[in-house]
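# Structural description and commentary
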Amino acid sequence: MTSRCKTAVLISGSGTNLQAFIDAVSRGNLGLELSVVLSNKPEAYGLVRAEEAGIPTVCLQHGHYADRASFDTAVAEKLDEWRPDLLVLAGFMRILSPGFVAHYSGRILNIHPALLPAYPGLDTHQRVLDAGDEWHGSTVHFVTEELDGGPRILQGRLSVVAGESADQLASRVQAIEHQIYPQAAGWVGEGRVEFRLGQTWIDGALAEEPVVQTFDRDGTLI
Ligand code: GRF
């Protein structure tokens, strides 16, 4: 039996990306094992998704800790009970302390709803509309100390439709996220993608640019 990559998923909210991982793992085409789901918010619906899928859940509320570092230490101590190979941030609305990032160096993934390096931070969909951009999308990247700045792995992009609202654009981008995030994490899990010397390596070669997948208006890979 091949050993699967033990994966911890960190959430703060609805967990639609978590659901995409649960679905992909249950289809059996991803070399990941979802070991634990951790939330910093007790009301996060993703906790329900995890329980329904039979995945252990943990809730640690950041407000119960004196500062960022002590919360992050508690999160790491808890997660390490499962000895995770990989951490997947899926809407985890916390800035991670340098010590936490170093503890899991090269083993933390995030998805950000923009074509990084464009639009780090919040409100990405509205900012894309305001700028009149032709393309938008989402980026899976390794997490480093730089917020939304770690080396990129995979981007899914779509063309912005004239007249669409930020909410419509957000939901089209999310549909893409549900395809690209499990896929990219699967590549990491099977060792095809690595974090080395602070950069992304794909199939043994330095990848200065991410893999880019283009999707049509309905979210189908072109
Ligand atoms: C996603 O849109 C992701 O890009 C961002 O947070 C959102 C999480 O959504 N990092 P969900 O909780 O997975 O539905």
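We now turn to the structure provided with this report. Note that this is a predicted model, so its numbers are computed, not measured.

The rules behind the values
Residues numbered from 1 in each chain as written. Predicted model: local features only at pLDDT ≥ 70, side-chain atom pairs only at ≥ 80, totals over all residues. Heavy atoms only, no water. Pairing = 2+ DSSP bridges. Helix = DSSP H or I, 4+ residues; strand = E, 2+ residues; numbered from the N terminus. Phe/Tyr/Trp six-rings, centres within 6.5 Å; stacked < 30°, edge-to-face > 60°. Buried < 20%, exposed > 50% of the residue type's maximum accessible area, 1.4 Å probe, protein only. Salt bridge = Lys/Arg side-chain N within 4 Å of Asp/Glu carboxyl O.

## Remarks on the sheet that holds strand β8 (residues 193-196)
The 3 strands lie next to each other as β8-β9-β10, forming an open sheet whose pairing is antiparallel. At either end of the open sheet lies a strand with only one pairing partner, and these are β8 and β10 (205-206). Note: β8 against strand β9 (residues 199-202), 4 bridges, orientation antiparallel. Note that in β9 the partner of V193 across the bridge is I202.

## Quick look at the packing of aromatic side chains
The geometry of two aromatic rings is summed up by the distance between their centres and the angle between their planes. A full pass over the atoms with the stated rule returns 4 aromatic pairs. Here the aromatic rings of F21 and Y181 are separated by 5.1 Å at their centres, their planes lie at 80°, and the arrangement is edge-to-face. Within this pair, whereas F21 is found in helix α1 (residues 16-26), its partner Y181 is found in helix α6 (residues 166-189), the two being separated by 160 residues in sequence. Judged by its relative accessible area of 0%, F21 is buried. With centroids separated by 5.2 Å and ring planes inclined at 65°, the aromatic side chains of F142 and F195 adopt a geometry described as edge-to-face. Here the residue F142 occupies a position in strand β6 (residues 135-142), and F195 occupies one in strand β8, the gap between them amounting to 53 residues.

## Concerning the pattern of salt bridges
For the structure shown, the criterion picks out 5 salt bridges. Note that K78 and E81 form a salt bridge whose closest N and O atoms lie 3.4 Å from each other. The partly exposed category is assigned to K78, whose relative accessible area is 27%. When the shortest N-O distance is used, the salt bridge between E194 and R196 registers 3.1 Å.

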